[in-house]
Amino acid sequence: KGKFMETESLNERSRELINHYYQKLKNKNLNYDGVVNETCYLNSCVKILYILKETWSKDNNKYSIVRDMNEWICRLKKPFADKTLSKKMFDRLSEWTYGILHNCSSYEKVKEKLNELPTYHYPLCCIGYINLSKLITQNSTTSNSDLEKYFNQNKELIKEQIKLLKPDVIIACGVNKTYGIADKIYSLFKTNEDKDEDWRDGGSNGCRIITVDNKKVGLISSIHPSARFDPKEMFENIMKGWNNLKYDIDINC
C-alpha cells in the first residue's frame, strides 16, 4: 500500500530546470518531464532513465507527460496507449523495463508476465522519462538535423536533469545509421580517462559505461521504440546491452 504515492520533489526540481533554460523563449508550449512516479522510481532496484526526442501532444500549454503517465498508468491502471494511441512505443518501453528490473532475457516470458499485471504498461511507473526537446510538437517524424538542434540547444539542461535523477542505466532512444542520441549523452560526461572505442556489444549501436557525479552508469543506444523493427529483436538487443553492463555499474541489488 502506498507504493505509488507521488511526492513530486524530483519533478518540481526538473520543472524549475526546464523553466530556467526556456525562460528566454517565453514559449508556453512546454512539456515537463522527469520521473513517472517518484516513490516507485526511488525504490526501484535499477533506476532506468529513457531519453527520447520530443513530446507529441494535443495539449499545448505546460503539459507534463510524466504526470499524465502517473495518472493514467499508476493510479487508473490503464495502458497509456489508450490516451496517446502510441501503443507500439509504450509496449516496447514496458517490455524493456520489465526485462531489466526482473533480469529476464526471455521476450516470451516478459510478455506473459506483463499480461498478468493490472496493465501492460505498469512497469513504467518505475522509470525516468525525458526528451531532448521540451517543446510540444504535433509532427510525427523528426529529422536528424532537428535532433542535432535539440541537443545543442538543451545539452546543459539534459546534463542537469540526468544528474538530478541519478539513474543506474540510461537508454537513449534514437539511432539512424551512425547517429545516436547515446553518442551525444556520452559526450556530456566524457572524462580524460574515457576512450571513444570503449563501446560494448548491445543495443542498436552499442553500450558503454559513463561516469555521472562519480557514479558508474550504464548507457545503452537504442532505436526509437516506435520504429518498425521486430519487437523481439529490439528487446534482445536491449537485454544484451544490459547484460554487458550490469556487473560494472553501481547498483544496490
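Residue positions are given per chain, counting from 1 as you read along its sequence in written order. It should be noted that, the model being predicted, local features are given only for residues of pLDDT at least 70 and side-chain atom pairs only at 80 or more, the latter also being counted only at that level, while totals for whole chains, interfaces and linings use all residues. With hydrogens and water stripped out, all remaining heavy atoms of the structure feed into the side-chain values.

**Q** Hey, could you run me through the nonpolar core in this one?
**A** Take the buried Ala, Val, Leu, Ile, Met, Phe, Trp, Tyr and Cys residues and link them wherever side-chain atoms come within 4.5 Å; each set so joined is a nonpolar core. Only protein chains enter the accessibility calculation, which uses a 1.4 Å probe; a residue is then buried when its area is under 20% of its type maximum, exposed when over 50%, and partly exposed in between. In this structure, Tyr50, Met69, Leu93, Trp96, Tyr129 and Ile171 are the most contacted members of the largest nonpolar core, which totals 46 residues. Within the residue set of this core, elements represented by two or more residues are β2 (48–52), α3 (65–75), α5 (87–101), α6 (107–114), β6 (169–173), β9 (207–212) and α9 (231–243). Strands here are runs of E lasting at least two residues and helices are runs of H or I lasting at least four, both read from the DSSP assignment and numbered beginning at the N terminus. Ranked by residue count, the leading element in this core is α5, at 6 residues. Contacts are assigned to residue pairs with any non-hydrogen atoms lying within 4.5 Å of each other. Dropping the residues within four chain positions of it, Tyr50 is found in contact with Leu93, Trp96, Thr97, Ile127, Gly128, Tyr129, Ile130, Ile171 and Cys173. Counting 32 residues, the second-largest nonpolar core is a separate cluster that includes Leu10, Ile18, Ile130 and Ala172.

**Q** Explain the pattern of salt bridges to me, please; I cannot follow it from the model alone.
**A** Any two side chains of opposite charge can pair, on the condition that their charged atoms come close. What counts as a salt bridge is simple: a side-chain nitrogen of Lys or Arg found within 4 Å of a carboxyl oxygen of Asp or Glu. In total, this model carries 13 salt bridges according to the counting rule given. Residue Lys87 is joined to Asp91 by a salt bridge in which the shortest nitrogen-to-oxygen separation is 2.5 Å. You can see Lys87 and its partner Asp91 sitting in helix α5, 4 residues apart, about one turn around the helix. When its relative accessible area of 52% is taken as the criterion, Lys87 is described as exposed. Assessed through its relative accessible area of 7%, Asp91 is described here as buried. Lys240 is paired through a salt bridge with Asp201; the nearest N and O atoms lie 3.7 Å apart. Linking Lys240 in helix α9 with Asp201 in the loop between α8 (181–189) and β9, this pair joins segments that are 39 residues apart in sequence. Here Lys240 falls in the partly exposed class, since its relative accessible area comes to 36%.

**Q** Can you walk me through the state of the cysteines in this structure?
**A** Two cysteine sulfurs form a disulfide in these notes if their separation is within 2.5 Å. Tallied over the entire structure, the rule returns 2 disulfides. Between the sulfur atoms of Cys40 and its disulfide partner Cys126 the distance amounts to 2.4 Å. Here the residue Cys40 occupies a position in helix α2 (residues 38–43), and Cys126 occupies one in the loop between α6 and β4 (128–131), the gap between them amounting to 86 residues. Like Cys126, Cys40 is buried.

**Q** Which parts of the structure should I look at to understand the environment of Leu164?
**A** With respect to the helices and strands, the residue Leu164 is situated in helix α7 (residues 144–165). The class for Leu164 is buried, based on a relative accessible area of 9%. Considering only alpha carbons, one finds Leu164 and Asn11, 153 residues apart in sequence, at a separation of 9.7 Å. Excluding its chain neighbours within four sequence positions, the residues that come into contact with Leu164 are Leu10, Arg13, Ser14 and Leu17.

**Q** Would you mind going over the confidence of the model for the protein chain with me for this structure?
**A** Close inspection of predicted coordinates is inappropriate for parts of the model with low pLDDT. By definition, pLDDT measures how confident the predictor is in each residue, and it falls between 0 and 100. Averaged over all residues, the pLDDT of the protein chain is 87; the fraction at 70 or higher stands at 86%. The low-confidence segment residues 1–7 (pLDDT under 50) makes 20 contacts with residues lying over four places distant or belonging to another chain.

**Q** How should I be thinking about empty space enclosed by the protein in this particular structure?
**A** In this approach the atoms are scanned with a rolling probe the size of a water molecule, which exposes any empty space left behind. Both cavities and pockets are sets of points on a 1 Å grid over the protein atoms alone; in a cavity a 1.4 Å probe fits but cannot get out, in a pocket the set is open with protein on both sides within 12 Å along at least five of seven lines, and lining residues sit with an atom within 4 Å of a point. Grid points are joined across faces, edges and corners, and a volume is the space filled by probe spheres set on the points. For the structure shown, the criterion picks out 2 cavities of 30 Å³ or more. The space that makes up the second largest cavity amounts to roughly 30 Å³. Lining of the second largest cavity is provided by Gly203, Ser204, Ser222, Ile223, Met234, Asn237 and Ile238. Take the lining of the second largest cavity: its biggest share by element is 3 residues, from α9.

**Q** So what exactly am I meant to see when it comes to the pairing of strand β10 (residues 215–222) here?
**A** Every other side chain in a regular strand lies on the same face of the sheet, so the side chains alternate between the two faces. Counting buried residues in β10 gives 6 out of 8 residues, a clear majority hidden from the surface. Whether two strands pair comes down to DSSP finding at least two bridges between them. Where β6 lies against β10, 5 bridges are found, and the strand directions are parallel. Following the sheet pairing, Ala172 is matched in β10 by Ser221. In the sheet, β9 pairs with β10 via 6 bridges, with the strands oriented antiparallel.

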